[in-house]
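Overview (structure and organization)
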Amino acid sequence: MRDARKIGWPSLGVIVATGFFALAAQTLLFRVFLSVFEGNELGLACFFSSWLLWVVVGALVARLRLPVMNVLSDRFAFLPLLYLPSYLLQWWLIGHAREFAGVRPYELFPLFTMLPVTFLGNAPVSFCTGFLFTLACRWMRAAEGLPVAKVYIWESVGGVLGGLAVTLLLARGVAEETVFLGAALALTAPLAVYRLRQRSYIAAAIPVLAVAVALGSGLGGRWERRHNLRAWQRVVSEQPLRGSFTTPEAKYLYGEYGDQFNVVAWETVADTIPATEHASEIVAIHLAQRPAARRFLVAGRGAFSICRRLLALPQAEAIAWFDPDPAYPSRLLSRLPERFKSGVERLDMPGEDIRRWLAGTRDPYDVIILDFPDATTLALNRYFTREFFELLKAHVSESGVIGVRISAGENFMSEDRVNAGASVFATLRSVFPHLVIKPGDESWLMVSGHPGLTATPATLRDRFAAIPGAGRIYPPDGLMALYLPQRMEYERQMFEAAVNSAPAGLLLNTDRSPRALLHSLLLAAREAGGAASLGRAVRALALHGLMALPVGLRLFP
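Residues numbered from 1 in each chain as written. Predicted model: local features only at pLDDT ≥ 70, side-chain atom pairs only at ≥ 80, totals over all residues. Heavy atoms only, no water.

Here's the deal with empty space enclosed by the protein
By the definition in use, this model includes 7 cavities of 30 Å³ or more. Size it by volume and the largest cavity reaches roughly 120 Å³. In terms of lining residues, the largest cavity is bounded by Asp374, Ala375, Phe384, Arg405, Ile406, Ser407, Ala420, Gly421, Val424, Ala516, Ser520 and Leu523. (1 Å grid on protein atoms, 1.4 Å probe; cavity = no way out; pocket = protein on both sides within 12 Å on 5 of 7 lines; lining within 4 Å. Points joined across faces, edges and corners; volume = space filled by probe spheres on them.)

Considering the sheet that holds strand β2 (residues 251-257)
Here we have 4 strands laid out as an open sheet, ordered β1-β2-β3-β4, and antiparallel in their pairing. Every other strand in the sheet has two partners, leaving β1 (241-246) and β4 (268-273) as the edge strands with one partner each. Taken pair by pair, the neighbouring strands of this sheet meet at an average axis angle of 25°, ignoring direction. Where β1 and β2 come together, 5 bridges link them in antiparallel fashion. Residue Ser244 lies in a different strand from β2, and its bridge partner there is Leu253. Strand contacts of helix α11 (residues 219-235): β1, β2, β3 (260-265) and β4, with the helix running at about 60° to β2, the strand carrying the most contacts. (Pairing = 2+ DSSP bridges. Helix = DSSP H or I, 4+ residues; strand = E, 2+ residues; numbered from the N terminus. Axes fitted to C-alpha atoms, helices over the stretch in contact; angles between N-to-C directions. Contact = heavy atoms within 4.5 Å.)

Here's the deal with the nonpolar core
The biggest cluster of nonpolar side chains holds 60 residues, and the ones touching the most others in it are Phe21, Phe37, Phe76, Tyr83, Tyr87, Trp139 and Phe180. Looking at this core, the elements with two or more residues in it are α1 (9-36), α2 (41-62), α4 (83-95), α6 (111-121), α7 (123-144), α8 (148-171), α9 (176-197) and α10 (201-216). The element that contributes the greatest number of residues to this core is α1, accounting for 15 residues. For Tyr87, the residues in contact, after removing those within four places along its chain, are Phe21, Ala25, Leu28, Leu29, Val125 and Phe180. Ranked by size, the runner-up nonpolar core spans 53 residues in total, among them Ile273, Ala293, Phe340 and Leu347. (Core = buried A, V, L, I, M, F, W, Y, C linked by side-chain atoms within 4.5 Å. Buried < 20%, exposed > 50% of the residue type's maximum accessible area, 1.4 Å probe, protein only.)

Considerations on the pattern of salt bridges
In total, this model carries 21 salt bridges according to the counting rule given. Between Lys251 and Glu224 there is a salt bridge whose closest N-O contact spans 3.8 Å. Highlighted residues: Lys251 in strand β2 and Glu224 in helix α11, separated in sequence by 27 residues. Both residues of the pair, Lys251 and Glu224, belong to the buried class. With a shortest N-O distance of 2.7 Å, Glu496 and Arg429 are connected by a salt bridge. Taken together, the positions of Glu496 in helix α21 (residues 485-501) and Arg429 in helix α18 (residues 415-429) put the pair 67 residues apart, joining distant regions of the chain. A residue is classified by how much of its surface remains accessible, and Glu496, at 21% relative accessible area, is partly exposed. The partly exposed category is assigned to Arg429, whose relative accessible area is 35%. What emerges from the salt-bridge pattern is a single network uniting Arg242, Glu256, Asp259 and Arg339. (Salt bridge = Lys/Arg side-chain N within 4 Å of Asp/Glu carboxyl O.)

Thoughts on the sheet that holds strand β10 (residues 434-438)
By way of backbone hydrogen bonds, the strands of a sheet pair with one another, either parallel or antiparallel. Reading across the sheet, the 7 strands line up as β7-β6-β5-β8-β9-β11-β10 and stay open at both edges, with mixed pairing between neighbours. Lying at the two open borders of the sheet, with one neighbouring strand each, are β7 (347-348) and β10. Bridge count between β10 and strand β11 (residues 442-448): 5 bridges; the pairing is antiparallel. Bridge assignment links His434 to a residue of β11, and that residue is Ser448. Sitting on the sheet, helix α12 (residues 276-287) touches β5 (295-300), β8 (365-371), β9 (396-407), β10 and β11, and the angle it makes with β11 is about 30°. In the packing of α21 onto the sheet, contacts are made with β9, β10 and β11, and the angle to β10 comes to roughly 125°.

With respect to the packing of aromatic side chains
Counted by the stated rule, this structure contains 32 aromatic pairs. A centroid spacing of 4.9 Å and a plane angle of 55° characterise the contact between Phe33 and Phe47, whose relative ring orientation is tilted. Taken together, the residues Phe33 in helix α1 and Phe47 in helix α2 connect sequence positions 14 residues apart. Residues Phe33 and Phe47 agree in their burial class; the two are buried. One aromatic cluster is present, built from ring pairs that chain together Phe21, Tyr83, Tyr87, Trp91, Phe180 and Trp223. In this arrangement the basic side chain of Arg301 is found over the ring face of Trp266, its NZ or CZ atom lying 4.6 Å from the centre. The ring of Phe432 carries Lys393 above its face, with NZ or CZ at 6.0 Å from the centroid. (Phe/Tyr/Trp six-rings, centres within 6.5 Å; stacked < 30°, edge-to-face > 60°. Lys NZ or Arg CZ within 6 Å of the ring centre and 35° of its normal.)

Here you go:
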């Protein structure tokens, strides 16, 4: 056995390359997973738990005392090539997961269907990771005298480099398919160097030349276009795909049909422009509360249509536009047809996270519109916490209004949906003294530090009608149908009852205690086929402590 001080760099290069590709593959496959499954914490838990489980299985298989394992460990330098077909297989399995499970685009992925599909889909690459690392330890120990701890260190160095390289490339807009070919080249090149040292010239040349030719011939671009077309047609098959753009957070596909521009991401239509009717209603309910508003801040997914309607107001002096993906506004406008871009030069697009931006500015706004999806991820939960609302309070004018969108129900709300809305309701009331509700399937909680808020339909109609040019945006009489007294009272009573019956802190959403996330996930789990008793079990646990846990477990079939 050699002395550890004489370790060959070609051998270490193989270990570093293995770690590089392992983390690069995990990053790329995770992005594919987020686009197919819901990107909430339920989906993340399924992904990482199954990934780690298969790593353990691979490691255990490699530890079996079988003659074949000794043969494989002696020839380890060839084995990292298994990553390439494993990646392609896993990419295909995850990409077709909805078809295998019979879950259509737009539909929530049932939790108990997601578990087995994710478990099987994550097998190839994660199994290889555990299997190859264990064999690498045996190989380096026998060939170089390198302790397991140092093998781990060098493999981790490769992982760090792989994570940084993939992150930087994706941030610059490089397609995932091209990034994979680049990572494959980074994997095969050190293997070629090692085989050259062993005078295995053909074995060294074939893999690296094959990958280099694929990368240089533009295979990544052709692969990307074919993949994009298939993903687009699953969601909006009747419209032609015009192109795509990538941000550090996601890949967006876009196309145009008639007078509508659609953007697809996460297996659903992420944005529709102009969406005039919906955007006009949102503008109207906010302006009816603050008719003299001149400065607006609009944040949310698909918020550009709201900004377009505000641009039609003669009184609008400033409009700031934020998206949960900070790079999205500028990338969208660079692809948007000119007929949709009238007046966009008046929009303020900081291009950064709204919380970070607000912490560094003192600009006041008369109306702040928060049109975010439900808080089913930690990233979205940040926009429903008390800390965020306190930050907004410092940026709203003295008589200004803040509107927060929540999902409710036209005629009925389940207990989980009530709790999800009540969490936002309770958190807003902890910061603002005045609150009114615009009811409906999409409800709006309107808050202010000024007593000028009202829920009287006739008053709101008259306020809005007095605004110059308001009738071109939304018919004032339409507000009478939005603020139905019985419906408003029903929602408020449901939220009040939930707040009064909940233990202290169960509904108050903060950065440290993401309660809105908890209740939104319980609602998502139920709507995706979870047990209806899940919310009751969690609520009983909060009310009665750990003694309720055995009882709660009995509630599930």
